[in-house]
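Okay, here's what each chain looks like letter by letter:
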Amino acid sequence: MKSAVLAPTLPEDAGTEHKRVERVERKVPGLATDVTETSSGASEPLVLVTGATGHVGANLVQLLLRDGVRLRVLLKPGDNHDAMEGLPVERAYADIRDLDATREAVAGCNGVYHCAALVSTIDGNKAHQREIFETNVLGTRHVLRAAREHDAGRVVVTGSFSAVGYDLDDLSAPSNESMTFFPMERTTPYQRSKALTELECWRAVVAGQDVVVTTSCAVLGGNDYLPSRVGLTLCDFANRKLRGYVDGGFEWVTVQDIAQGHVLCMERGRSGEKYIICSGYHTISEILDFFQDVTGVKRPRLRLPANLLMPLAEASSYVMSRYFPSRPQRFTPGAIRILQKRRHGDSTKAREELGFEPTSVRDAIAEAYAFHYERGAIHNPAARIPEAGASN
């Protein structure tokens, strides 16, 4: 029997006027690009978004375009670029592990949103661990260095709630930005890499660079083209492939909120600070209730005990990582550990300093469902037809 277990990914202003954009094809020295200029020419600042095809990056790009921002997106060659299809953006192709290519991509930009990262909940093999380190840590170092060398202005870096500390004596106490990452427990390579990513940011700040970190929690919402772990789980649920679940809890963020959080950090954040952007804490059981409400498909009744599943997950992940490293792992020890901590987030700093206001987690799930339904990922004929406009 096939089964999947829910695990977090550890990630519109309808009144906004759309500026008229004319698409102009031309070559930029050193870049393989499709270039967009506004009707008023190239007078507006050019802003760079890395990781633009990911869940957060794709939604951030659409938000910035609605605000009339002139954009260059940094795309990794060979990746899925569906999220950028038909959008009026300039495209630069580079791997952020390549410093020279990253320099070329940053050149001429004024403002950088660095969303690119490799997200994973597995320990993986040595090659996987190295790829995470080089992409998340060295890649961030390269983006920051390139921005500094080209005087590109403020860099807003996507951080992770996994790199935020917590009260060691009271796990239920909400985590805030002042709490230091605790490295003495067992953590995943991804979690450690995001803590080291922040160190790269603070080193740059000490050197005089303008850097702000936008801390993301587990992301829910539409425009999930790759798709994310949570998006895949929602599709499994709607297609009746989810047979059981492990309960637990986590702090969630709607993709609209985290995209808006990046913009608020760029406009109002203090350099050298990080801001937790979260929409609400929910248990996995509550998330499944939302899934049932949105899809019309009944949730699984089988609740699997974490202490029983952990050794099975450990053994499965070990075998998969070493003998089938290219296959995605949906049931991982790292995800189980994260869920069992039931960590809460405190967005007080973002609310008070940035004016952040969270939106509805349930609405974000409805948007995600409509998006995946419209793309043909929902095959169950008994699944509910999404509400009109829910994917917007």
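Here, every reference points to the structure presented above.
Residues numbered from 1 in each chain as written. Predicted model: local features only at pLDDT ≥ 70, side-chain atom pairs only at ≥ 80, totals over all residues. Heavy atoms only, no water.

Engineer: Which parts of the structure should I look at to understand the sheet that holds strand β4 (residues 70–75)?
Structural biologist: Pairing between the strands of a sheet is mediated by backbone hydrogen bonds and can be parallel or antiparallel. Ordered by their spatial adjacency, 7 strands build an open sheet running β5-β4-β3-β6-β7-β8-β12, and the pairing between neighbours is parallel. On the outer flanks of this sheet lie β5 (90–93) and β12 (274–277), each paired with one strand and no other. Sheet twist, expressed as the average angle between the axes of neighbouring strands with direction ignored, equals 20°. In this sheet, strand β8 (residues 211–216) lies alongside strand β7 (residues 155–160) in parallel orientation, the contact comprising 6 bridges. Its bridge partner lying in β8, Val156 is registered against Val212. Of the strands in this sheet, β3 (46–50), β4 and β6 (112–114) touch helix α1 (residues 55–66), which is tilted by about 165° from β4. (Pairing = 2+ DSSP bridges. Helix = DSSP H or I, 4+ residues; strand = E, 2+ residues; numbered from the N terminus. Axes fitted to C-alpha atoms, helices over the stretch in contact; angles between N-to-C directions. Contact = heavy atoms within 4.5 Å.)

Engineer: Just checking my understanding: could you explain the side chain of His114 for this structure?
Structural biologist: Mapped onto the secondary structure, His114 falls in strand β6. Overall, the relative accessible area of 1% leaves His114 in the buried class. Of the polar contacts made by the side chain of His114, one reaches the side chain of Thr50; its length is 2.7 Å. The residues touching His114, leaving out its near neighbours within four places in the chain, are Thr50, Ile96, Gly139, Thr140, Val143, Val155, Val156, Val157 and Thr158. (Buried < 20%, exposed > 50% of the residue type's maximum accessible area, 1.4 Å probe, protein only. Polar contact = N/O pair within 3.5 Å; in protein donor to acceptor, adjacent residues only side chain to side chain.)

Engineer: Any chance you could explain the sheet that holds strand β9 (residues 218–220) here in plain terms?
Structural biologist: Sheet architecture is open: 3 strands sit in the order β9-β11-β13, paired in mixed fashion. The open sheet has two edge strands with one neighbour each: β9 and β13 (280–283). Taking each pair of neighbouring strands and ignoring which way they run, the sheet shows an average axis angle of 45°. Docked against the sheet, helix α7 (residues 284–295) engages β9, β11 (249–254) and β13, running at close to 90° with respect to β13.

Engineer: Quick question: what am I supposed to make of the nonpolar core here?
Structural biologist: The tendency in soluble globular proteins is for nonpolar side chains to be buried side by side. Counting residues in each nonpolar core, the largest one holds 69 residues, and the members touching the most others are Val49, Val61, Met84, Tyr113 and Trp252. If near-sequence neighbours (up to four positions away) are discounted, Val49 is found in contact with Leu60, Val61, Leu64, Leu71, Arg72, Val73, Leu74, Tyr113 and Cys115. (Core = buried A, V, L, I, M, F, W, Y, C linked by side-chain atoms within 4.5 Å.)

Engineer: Help me understand helix α6 (residues 255–268) in this model?
Structural biologist: Counting along an α-helix, one turn takes 3.6 residues, and residues three or four places apart therefore face a common direction. Spanning 14 residues, α6 covers 20 Å between terminal C-alpha atoms, matching the ideal 20 Å at 1.5 Å per step. Counting buried residues in α6 gives 10 out of 14 residues, a clear majority hidden from the surface. Taken as a whole, α6 has its buried residues at Val255, Asp257, Ile258, Ala259, Gly261, His262, Val263, Leu264, Cys265 and Met266. (Expected span 1.5 Å × (residues − 1).)

Engineer: Would you explain the pattern of salt bridges in this entry?
Structural biologist: As a working rule, side chains carrying opposite charge can pair if their charged atoms are close by. One pass over the structure, following the stated rule, counts 22 salt bridges. Asp123 is paired through a salt bridge with Arg186; the nearest N and O atoms lie 2.6 Å apart. Remark: Arg186 occurs in the loop between β7 and α4 (189–206) and Asp123 occurs in the loop between β6 and α3 (126–149); sequence separation between them is 63 residues. A salt bridge links Asp210 to Arg154; its shortest N-O distance comes to 2.9 Å. Here Arg154 lies in the loop between α3 and β7 and Asp210 lies in the loop between α4 and β8, a separation of 56 residues in the sequence. A relative accessible area of 15% places Arg154 in the buried class. Counted as one network, the salt bridges with shared partners bring together Asp100, Arg103, Arg145 and Glu149. (Salt bridge = Lys/Arg side-chain N within 4 Å of Asp/Glu carboxyl O.)

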